Amino acid sequence: MVKKHDGSWRMCVDFKDLNKACPKDGYPLPKIDWKVESLYGYPFKCFLDAYKGYHQIKMAEEDEEKTAFITSQGIFCYSKMLFGLKNVGATHQRLVDKAFQKQIGQNLEVYVDDQIIKIRTEKEVIRDIEETFRTLMGINMKLNPKKCAFGMREGTFLGYKVDANGLRPQVAISAVLMTERDGKQVPIYFVSHALQGPAINYTPMEKLILALDDTLDTPMEEREELPDPWVLFTNGSSCIDGSGAGLIITNPEGIEFTYALRFRFNATNNEAEYKALIVGLQIAGQMGIQNL
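Just so we're clear, the structure is a prediction, and the values are computed from it rather than from any experiment.

Draft legend 1. Up close: the nonpolar core. By size, the foremost hydrophobic cluster in this structure holds 19 residues, and its most contacted members are Met81, Leu85, Phe157 and Val162. Within the second largest apolar cluster, 16 residues are counted, among which are Cys46, Ile117, Ile129 and Cys148.

See below:
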């Protein structure tokens, strides 16, 4: 059992072996940048979040026993789709794409369990909310009222702050890793994004970034001007045959350095992606890159 930021609990089960045995559902998730950019020019927005979205979809009865787990009180299994299974994101996206097909691209955008109603005029707010709620009621999907907001001019969608004038990442947090070069310690800079507000819930990577940032003694404005930045792209994946990663490091002139890695250990997709990032930073450090 893992405690969530709102005080509730989530049960986490290791489905690594089950996921390896399952074929991948090739249903594509939408491109996040396309979804976010499509909100440009809409002054009113309603931000909706499905309540425990995956748990609202029933498992096929013949698949329930495959989720079985053992406790001191006996053996149990899930009757609803649960977090951690390989294809839950694709399954949920297929559902909402079918349910909201008439609205998507017109007055609604959906990414898995995150939905946003985009509205051009104030008089259309109630109309578009009613249309969306009729569909939600038709598929019996519940919302989490704590994470919903209606008729907003500004809000957060898929990690971006959006308003009628455009979009931007939420808060850029500069972070520094120190590496050895020519016998002295030099910094490697990179940027992540974190949530604004009084009660910030950082991911483990953002906590690492903030911890690194807190170790700096020299204020940013007093540091020497950085050279032009290099760009690092990483991706990792896991399958039956093993796990690995791909890296592309691009210098300021646009020249690419590509790497393909094979890991000699079992890993989930997430673990492979974390390792890809760590190795990418290590390679950048060995190359002497100061601004990444």
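Draft legend 2. View of the packing of aromatic side chains. Under the definition given, this model contains 4 aromatic pairs. Taken together, the ring pairs in this structure connect Phe69, Phe76 and Tyr78 into an aromatic cluster. Above the face of the tyrosine 42 ring, arginine 120 is positioned so that its terminal group lies 4.1 Å from the ring centre.

Draft legend 3. Structural detail: helix α3 (residues 88–99). Taking 1.5 Å as the rise per residue, α3 with 12 residues should run 16 Å; its terminal C-alpha atoms sit 17 Å apart, in good agreement. Listed as buried for α3 are Val88, Gly89, Ala90, His92, Gln93 and Val96. Against β6 (108–111) lie the buried residues of α3.

Draft legend 4. Spatial organisation of the sheet that holds strand β16 (residues 256–263). One open sheet holds the 3 strands; their spatial order is β14-β15-β16, and the pairing between them is antiparallel. One side of each edge strand has no neighbouring strand; the edge strands of this open sheet are β14 (231–239) and β16. Each neighbouring strand pair of the sheet contributes to a mean axis angle of 10°, computed without reference to strand direction. Bridge analysis of strand β15 (residues 242–250) against β16 gives 8 bridges, and the strand direction is antiparallel. By the bridge assignment, alanine 245 is partnered in β16 with leucine 261. Relative to β14, helix α6 (residues 269–286) is tilted by about 145°, and along the sheet it contacts β14, β15 and β16.

Calculation criteria
- Residues numbered from 1 in each chain as written.
- Predicted model: local features only at pLDDT ≥ 70, side-chain atom pairs only at ≥ 80, totals over all residues.
- Heavy atoms only, no water.
- Core = buried A, V, L, I, M, F, W, Y, C linked by side-chain atoms within 4.5 Å.
- Buried < 20%, exposed > 50% of the residue type's maximum accessible area, 1.4 Å probe, protein only.
- Phe/Tyr/Trp six-rings, centres within 6.5 Å; stacked < 30°, edge-to-face > 60°.
- Lys NZ or Arg CZ within 6 Å of the ring centre and 35° of its normal.
- Helix = DSSP H or I, 4+ residues; strand = E, 2+ residues; numbered from the N terminus.
- Expected span 1.5 Å × (residues − 1).
- Contact = heavy atoms within 4.5 Å.
- Pairing = 2+ DSSP bridges.
- Axes fitted to C-alpha atoms, helices over the stretch in contact; angles between N-to-C directions.

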